[in-house]
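These are the residues of each chain, in order.
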Amino acid sequence: MSLISLDLVLSPEVEDAKKNGTPIVALESTIITHGMPYPQNLEVAKQVEADIRAKGAVPATMAVLNGTLHAGLTEAQLEELAQAKNVAKVSRADMPVIMAQGRTGATTVAATMIAAHLAGIDVFATGGIGGVHKGAEDSFDISADLTELAHTPVTVVAAGAKAILDVPKTLEVLETNGVPVITYGQDSFPAFWSATSDLASPLRMDNADDIAAAHKTRGAMALPGGQLVANPIPTADEIPASELAPVIAQATQEAEDQGVTGKDVTPFLLARIFELTDGKSLVANIALVRNNARLAADIAAALKA
């Protein structure tokens, strides 16, 4: 039986950054393929990458293109992915299968963490992580993002868990799996589109240097897994939780009534919330992703110091 070697391609920009010791920030690609339509998806992807470069770091958008795993995309590849059809949404379970079949796949949080670790990249910026879905005590619907955080040593910067989830249960699962949950600059755990929630954050740190030190200390102790940095959306860009609560409740009830399950739940809810907020949820989503990218770049730089 012959061994298969992994074909991991670094973009020229990422390859140069690795050689020169420049900070690198990993980015997911499902926001491009499944998050918004073309050309808005391409514009946002380019803006997030530009935010990282403005901080002196290099962006590495992860994706599987025709079976090959890429860490960093060229402008042409980014444009191609933004217009691609029938792109698989890959996580730990199906990522190797999609690659073996020579298909194209966009990386979720879990898959991006795997790709980042394979490429030797320690920091990853995303919008919000997946977590425990409401009703999980019956459906057992829990995102692979949580177990990935317990296994893969990458610092993930997100605006908390997506507000459509059962956030208290999500925090409990993270605690059980030994994942540090560090909120940046406040004591309240952020609620994705809203800057604060009524949940206390397990941990708090106020600067990138301390977060980088925690990452290094975890590695020195040989502890498995990464850490979640919950970065609140800027208050100027947030949608207040009181305004969102009835909208989320309505969208969740509609999903239940229509029998939406599994991987289809999150895209259904996000689409309905977009409609019910007249697009405000997407505007907030873009703002929080950009905010997370900037903080991730600062942490990546601190790791190099």
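As the structure is a prediction and not an experimental result, all values here were calculated from the model.

Colleague: How should the overall build of the protein chain be read in this particular structure?
Modeller: Each helix and strand in the protein chain was counted, giving 13 helices and eleven strands. Compactness check: the protein chain gives a C-alpha radius of gyration of 18 Å against a globular reference of 19 Å for 305 residues, within 12% of the reference. Dimensions of the protein chain, computed from the C-alpha atoms along their principal axes, are close to 50 × 40 × 40 Å. The buried share of the protein chain, taken over its 305 residues, is 53%. Looking at the protein chain alone, contacts between residues at least 24 apart form 73% of all its contacts between residues at least 6 apart. Here the protein chain has roughly 13,600 Å² of accessible surface; of this, 54% comes from carbon and sulfur atoms. A gap of 5 Å separates the mean positions of the 21 positive and 36 negative side-chain charges of the protein chain.

Colleague: How should I be thinking about the side chain of Lys 162 in this particular structure?
Modeller: Within the fold, Lys 162 resides in the loop between strand 8 (155-158) and helix 9 (167-176). Asp 145 is the oppositely charged side chain nearest to the buried, salt-bridge-free Lys 162, at an N-O distance of 5.4 Å. Within polar-contact distance, the side chain of Lys 162 engages the backbone oxygen of Gly 128 at 2.8 Å. Residue contacts for Lys 162: discarding those within four places in its chain leaves Gly 128, Ile 129, Gly 130, Val 167, Phe 192, Thr 266 and Leu 270.

About the thresholds
Residues numbered from 1 in each chain as written. Predicted model: local features only at pLDDT ≥ 70, side-chain atom pairs only at ≥ 80, totals over all residues. Heavy atoms only, no water. Helix = DSSP H or I, 4+ residues; strand = E, 2+ residues; numbered from the N terminus. Rg over C-alpha atoms; globule rule 2.2 N^0.38 Å. Buried < 20%, exposed > 50% of the residue type's maximum accessible area, 1.4 Å probe, protein only. Contact = heavy atoms within 4.5 Å. Areas by Shrake-Rupley, 256 points an atom, 1.4 Å probe, with all protein chains shown as cover. Lys, Arg positive; Asp, Glu negative; His and termini not counted. Charge placed at Lys NZ, Arg CZ, Asp CG, Glu CD. Salt bridge = Lys/Arg side-chain N within 4 Å of Asp/Glu carboxyl O. Polar contact = N/O pair within 3.5 Å; in protein donor to acceptor, adjacent residues only side chain to side chain.

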